[in-house]
Amino acid sequence: QVQLVESGGGLVQAGGSLRLSCAASGSIGSINAMGWYRQAPGKQRELVASRTSGGITTYADSVKGRFTISKDNAKNTVYLQMNSLKTEDTAVYYCTLNSRASLAAAWRDYWGQGTQVTVSS
């Protein structure tokens, strides 16, 4: 089994910063990518940022220039530094991992339990 443990969410004023962390443990195998999604009330879950093991990053247009994803490969941990936060960034943020247990196994997606980020005006 694979476990993803998120931390770092909370309440912050607009313009402030937060740093989310997500540590992966268990039978991870080979990691293809880790990233963050978010879901605001009444909206679909959307990709915020992702980073492949090769270092390729992808960001949602709405967070480019404000959020930075980084990864500590040795610790199987991914971070999301969020600066210049806006009220529209308020959502539950979910960590995600794409990995496979062995070369013969299929790539699988795993999800964390989510952490609430609330940005007040």
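The structure under discussion appears in the preceding block.
Residues numbered from 1 in each chain as written. Predicted model: local features only at pLDDT ≥ 70, side-chain atom pairs only at ≥ 80, totals over all residues. Heavy atoms only, no water.

1. Concerning the overall build of the protein
Short version of the rule: Helix and strand labels come from DSSP, where a helix needs a run of H or I of at least four residues and a strand needs a run of E of at least two; each type is numbered from the N terminus. Just to be clear, the radius of gyration here is over C-alpha atoms, and the globule rule we use is 2.2 Å times residues to the power 0.38. Between buried and exposed lies partly exposed: a residue is buried under 20% and exposed over 50% of the maximum accessible area for its type, with that area taken using a 1.4 Å probe on protein chains only. A contact between two residues is defined here by any heavy atoms of the two lying within 4.5 Å.
When helices and strands are counted, the protein shows zero helices and eleven strands. If you list the helices and strands of the protein from N to C, you get β-β-β-β-β-β-β-β-β-β-β. At 14 Å, the protein has a C-alpha radius of gyration in line with the 14 Å of a compact globule built from 121 residues. Judged by the C-alpha coordinates and their principal axes, the protein covers about 50 × 25 × 25 Å. Within the span of the protein, comprising 121 residues, buried residues form 40% of the whole. In the protein, once contacts between residues fewer than 6 apart in sequence are set aside, the share between residues at least 24 apart is 56%.

2. Some thoughts on the packing of aromatic side chains
Under the convention used in this document: Pairs were defined over the aromatic rings of Phe, Tyr and Trp, the Trp ring being its six-membered one, requiring ring centres within 6.5 Å. Orientation was assigned from the angle between planes: stacked under 30 degrees, edge-to-face over 60, tilted for the rest. Whether a charge sits over a ring comes down to the Lys NZ or Arg CZ being within 6 Å of the ring centre and within 35 degrees of the ring normal.
Under the definition given, this model contains one aromatic pair. Above the face of the Tyr79 ring, Arg19 is positioned so that its terminal group lies 4.1 Å from the ring centre. Positioned above the aromatic ring of Tyr94, the side-chain terminus of Arg45 is 3.8 Å from the ring centre.

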